[in-house]
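Residues per chain, in single letters:
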Amino acid sequence: MLTLHLDIEPNSGFCFGVKNAIKKAEEVLDSGEELFCLGEIVHNDQEIQRLVGRGMKLISEDEFRVLKNKTVLFRAHGEPPQSYLAAAENGIKVIDASCPIILKLQEKIFKSYLNREIIYIFGLPNHPEIIALNGKINSSAVVFDKYEDLDLKKIPPKITLYSQTTKSLKQFYEVINRMKDAGIEVKVEDSICRQVSNREQELREFCRRFHRIVFVAGTNSSNGKQLYEICAQENSNVHFVSAVSEIDATWFSENEKVGICGATSTPLWLIQDVKDFLLKL
């Protein structure tokens, strides 16, 4: 049996928006009411399995369009106006778990749209938050994931730039500076969630304290991939796992200091499960 010195990063676990969505889902399930969720409530398979085990049913966009007279949860990422219209037309009771930060962002970008500003969004084109955000402005924004995706010849001389809330603050301002260096006038709308961005420096400091890091996140979590890369920059001995079953005992040595952390989409119970498993090695 190994002796490992383990510590969980204090700020690991769900962000406020995800906590709120999970709470609303559990309240409906506790009442015994049938609950459907439009898309993944959170980008973490383990948490989804837990809620599905309690009776929540995941549905796709196509399934949602033909569903009638049911209760559907809109997740923290937000939904475009078309989803609300479809719900009203089909007698759907909406449990709206859209994050308040996302809702404010949608209203802000809509004002830019009404002002006829040319809008660019730094984010993942197929991410649900971006689909909802761009849907608010009739899909008129240019969405790009990295600066290299842009065709500078096609960018107007003046634009308004927004960001996906979970993008790296550092990368966002690098994009802004490169655009300005290229002669583009950029009206910056800093829409990055500080609860997410502040974790970058916290994680860097945390990872430096340990011989090894176990990072826990869903494989399809964009925030997870981003934070994992930050961990890897600070500690070369970092392991990405999405479940306890993926942990390999041969990674560890006697008396190692091991830090455990995760994404804003990783449930704290899963991070604790990882710690409990490591204690038994």
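Since we're looking at a predicted model, the values are computed, not measured.

Reading the values: rules and limits
Residues numbered from 1 in each chain as written. Predicted model: local features only at pLDDT ≥ 70, side-chain atom pairs only at ≥ 80, totals over all residues. Heavy atoms only, no water. Pairing = 2+ DSSP bridges. Helix = DSSP H or I, 4+ residues; strand = E, 2+ residues; numbered from the N terminus. Axes fitted to C-alpha atoms, helices over the stretch in contact; angles between N-to-C directions. Contact = heavy atoms within 4.5 Å. Left-handed = near helix turned anticlockwise from the far one by under 90°. Nonpolar A, V, L, I, M, F, W, Y, C, P; charged D, E, K, R; others polar. 1 Å grid on protein atoms, 1.4 Å probe; cavity = no way out; pocket = protein on both sides within 12 Å on 5 of 7 lines; lining within 4 Å. Points joined across faces, edges and corners; volume = space filled by probe spheres on them. Salt bridge = Lys/Arg side-chain N within 4 Å of Asp/Glu carboxyl O. Buried < 20%, exposed > 50% of the residue type's maximum accessible area, 1.4 Å probe, protein only.

A. View of the sheet that holds strand S10 (residues 212-216). Spatial strand order, S1-S12-S10-S11: 4 strands in an open sheet with parallel pairing. What marks the edges here is a single partner per strand, and that holds for strand S1 (5-8) and strand S11 (238-241). The average angle at which neighbouring strand axes cross in this sheet is 20°, direction not considered. Examined bridge by bridge, S10 and S11 share 4 bridges and lie parallel to one another. Within S11, the residue paired with Val216 across the bridge is Val241. Lying on the sheet, helix H9 (residues 222-234) is in contact with S10, S11 and strand S12 (257-262); it crosses S11 at an angle near 165°. Here helix H10 (residues 268-279) sits on the sheet in contact with S1, S10 and S12, set at roughly 160° to S12.

B. Structural view of the packing of helix H8 (residues 194-207) against H9. Put simply, H8 and H9 touch, their axes get as near as 8 Å, and they point 30° apart. When the axes of H8 and H9 are compared, the crossing they make is right-handed. Contacts between H8 and H9 involve Val196, Arg199, Glu200, Leu203, Arg204 and Cys207 on the former and, on the latter, Asn223, Gln226, Leu227, Ile230, Cys231, Gln233 and Glu234. Residue composition of the contact of H8 with H9, grouped by class: 6 nonpolar, 3 polar and 4 charged.

C. Expanded view of empty space enclosed by the protein. On inspection of all chains with the given rule, the structure shows 1 cavity of 30 Å³ or more. Taken as a whole, the largest cavity spans an internal volume of roughly 340 Å³. At the level of elements, helix H1 (16-30), helix H5 (100-114), H8 and H9 are the ones that each hand at least two residues to the lining of the largest cavity. Of all the elements, H1 adds the most residues to the lining of the largest cavity, at 3 residues. Class assignment of the residues belonging to the lining of the largest cavity gives a composition of 11 nonpolar, 12 polar and 1 charged.

D. Looking closely at the pattern of salt bridges. A full pass over the atoms with the stated rule returns 23 salt bridges. A salt bridge links Glu26 to Arg50, with the nearest nitrogen and oxygen atoms 2.8 Å apart. Of this pair, Glu26 sits in helix H1 while Arg50 is found in helix H2 (residues 45-53), placing the two residues 24 residues apart along the sequence. Relative accessible area serves as the criterion here: at 23%, Glu26 is assigned to the partly exposed category. Glu148 is the partner of Arg178 in a salt bridge, and the nearest nitrogen-oxygen pair spans 3.0 Å. Residue Arg178 is found in helix H7 (residues 169-181), and its partner Glu148 is found in the loop between strand S7 (142-144) and strand S8 (158-163); the two are separated by 30 residues along the sequence. Exposure remark for Arg178: the relative accessible area of 39% places this residue in the partly exposed category.

E. How the structure looks around unusual backbone geometry. Unusually for a residue other than glycine, Ser139 sits at a positive phi of about 55°. Inspection of the secondary structure assignment puts Ser139 in the loop between helix H6 (128-135) and S7. Positive phi, close to 65°, is recorded for Asn255, a residue that is not glycine. With respect to the helices, strands and loops of the structure, Asn255 is situated in the loop between S11 and S12.

F. Molecular detail of the sheet that holds S8. Ordered in space as S7-S6-S8-S9, the 4 strands form an open sheet in which the pairing is parallel. In this open sheet, the two strands that pair with only one neighbour each are S7 and strand S9 (185-188). On average, adjacent strands in this sheet sit at an angle of 30° to one another, irrespective of strand direction. Each of strand S6 (119-122), S7, S8 and S9 touches H7; the most contacted strand, S8, lies at about 170° to it.

G. Looking closely at the layout of surface pockets. The volume enclosed by the largest pocket comes to roughly 360 Å³. Along the wall of the largest pocket there are 18 residues; nearest its centre are Lys167, Ser168, Gln171, Gln226 and Glu229. Elements with a minimum of two residues in the lining of the largest pocket: H7, H8 and H9. Counting residues per element, the lining of the largest pocket draws most heavily on H9, which supplies 7 residues. Residues of the lining of the largest pocket, tallied by class, amount to 2 nonpolar, 8 polar and 8 charged.

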